[in-house]
Amino acid sequence: MMKARFIVLGLLLMAAVSAAIAHAWPQLPEVVAVHWNWRGEADGFAPRAVLWLLGPGLMAFIMLLAVLLPPLSPRDRGVASFEATYYYNFGIVLVLLAYVQGLVLASAIGMAVPIDRTVPAGLFVMLILAGNPMGKVRRNFYLGIRTPWTLSSERVWYATHRFAARLMVGSGLLGLGMLAAGVPGWLLLAPAIAWAPVAVLYSLVQYKRLDIHSQGEAQ
């Protein structure tokens, strides 16, 4: 059921983005901005036709990837046990892509879009939404904190993902608060990415603790 909803959501988002591009096409310059620095200044440009690739094209690729990966999983590392969370997270990615495409289009037709604030805002909201159900993710090869230590121990996997869920939600809320406070754009990188290495380190610590505990029991 969740797979069908994901596909419907993806198709609707692709249709909406395609309609927006087609509607804005006459107003678009031949070359549009497709990349901005942390100050919100455009520093990368491409022909307007690339919007079809970066919008509907990329969204179609993500949809196809999400649908094709589960059947390729080994039986003991499949996504069936958390299928709803799996497709939920891929759905969030599609929504973020549609959101960013809307910002790019609005900027391309001359609207004053504060890219340095609106894009991070979308990323922080995605962190909150994706982090909330992270503790429900079971061991697999496609989604989650996949380190040698989480993949080798079910206990470490669960502990790490429960911790990562809190980290992601907390980082997203902190980032939104920093945005509201008007901090410089480069400082927003801290809450946006720092949670990931912390989660990886946590998985190593949990594995070492488990290993020491196992050695103690063996003695």
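Scroll up a little and you will see the structure.
Residues numbered from 1 in each chain as written. Predicted model: local features only at pLDDT ≥ 70, side-chain atom pairs only at ≥ 80, totals over all residues. Heavy atoms only, no water.

### Some remarks on a nonpolar patch on the surface
Taken together, Trp 38, Trp 186 and Leu 187 make up a surface patch of nonpolar side chains, about 310 Å² in accessible area. Along the chain, Leu 187 falls in the loop between α6 (154-181) and α7 (189-193). (Patch = residues over 30% accessible without salt bridge, like charges linked within 9 Å, V, L, I, M, F, W, Y side chains within 5 Å. Areas by Shrake-Rupley, 256 points an atom, 1.4 Å probe, with all protein chains shown as cover. Salt bridge = Lys/Arg side-chain N within 4 Å of Asp/Glu carboxyl O. Helix = DSSP H or I, 4+ residues; strand = E, 2+ residues; numbered from the N terminus.)

### Quick look at the pairing of strand β1 (residues 31-36)
Relative to strand β2 (residues 42-47), β1 is paired through 5 bridges, and the arrangement is antiparallel. From the neighbouring strand, Trp 36 faces β2, where its bridge partner is Ala 42. From the end of β1 to the start of β2, which pair antiparallel, there are 5 residues, and Gly 40 there has a positive phi angle of about 85°. (Pairing = 2+ DSSP bridges.)

### Description of the side chain of Thr 85
When you line up the elements, Thr 85 lands in helix α3 (residues 83-108). Residue class for Thr 85 comes out buried when judged on its relative accessible area of 9%. When residues no more than four places from it in sequence are discounted, the contact partners of Thr 85 are Pro 133, Lys 136, Val 137 and Leu 143. (Buried < 20%, exposed > 50% of the residue type's maximum accessible area, 1.4 Å probe, protein only. Contact = heavy atoms within 4.5 Å.)

### Some points on the side chain of Asn 140
Mapped onto the secondary structure, Asn 140 falls in the loop between α4 (115-131) and α5 (148-152). In this structure the side chain of Asn 140 is engaged in a polar contact, spanning 2.7 Å, whose partner is the backbone oxygen of Arg 138. Sequence-distant contacts of Asn 140, that is, excluding residues within four places in its chain, are made with Arg 77, Gly 78, Val 79, Phe 82, Arg 146, Leu 151 and Trp 157. (Polar contact = N/O pair within 3.5 Å; in protein donor to acceptor, adjacent residues only side chain to side chain.)

### So, the packing of aromatic side chains
Across all of its chains, the model carries 5 aromatic pairs by this definition. Taking the centre distance of 6.3 Å and the plane angle of 45° together, the rings of Trp 25 and Trp 52 count as tilted. Taken together, the residues Trp 25 in the loop between α1 (2-24) and β1 and Trp 52 in helix α2 (residues 50-72) connect sequence positions 27 residues apart. On the basis of relative accessible area, Trp 52 is assigned to the partly exposed category, the value being 34%. Grouping aromatic residues by their ring pairs yields a cluster made of Phe 6, Tyr 86, Tyr 87 and Phe 90. (Phe/Tyr/Trp six-rings, centres within 6.5 Å; stacked < 30°, edge-to-face > 60°.)

### Thoughts on the layout of surface pockets
Empty space among the atoms becomes apparent when a probe as large as a water molecule is rolled across them. Computed from the structure, the largest pocket encloses a volume of approximately 550 Å³. Lining the largest pocket are 23 residues, and of these His 35, Trp 36, Ile 115, Val 119 and Leu 123 lie nearest its centre. Those elements that provide at least two residues to the lining of the largest pocket are β1, α2, α3, α4 and α7. When residues in the lining of the largest pocket are grouped by element, the largest group, 6 residues, is from α4. Here the residues of the lining of the largest pocket are counted per class, giving 18 nonpolar, 4 polar and 1 charged. What lines the second largest pocket is a set of 15 residues, among which Asn 89, Met 134, Leu 143, Gly 144 and Met 168 lie closest to the centre. Sorting the residues of the lining of the second largest pocket by element identifies α3 and α4 as the ones contributing at least two each. For the lining of the second largest pocket, the element with the most residues is α3, which contributes 4 residues. (1 Å grid on protein atoms, 1.4 Å probe; cavity = no way out; pocket = protein on both sides within 12 Å on 5 of 7 lines; lining within 4 Å. Points joined across faces, edges and corners; volume = space filled by probe spheres on them. Nonpolar A, V, L, I, M, F, W, Y, C, P; charged D, E, K, R; others polar.)

### Quick look at α1
For α1, with 23 residues, the first-to-last C-alpha span of 33 Å sits near the 33 Å given by 1.5 Å per residue. Among the residues making up α1, those that are buried are Phe 6, Gly 10, Leu 13, Met 14, Val 17, Ile 21 and Ala 24. On its buried face, α1 is in contact with α2 and α3. (Expected span 1.5 Å × (residues − 1).)

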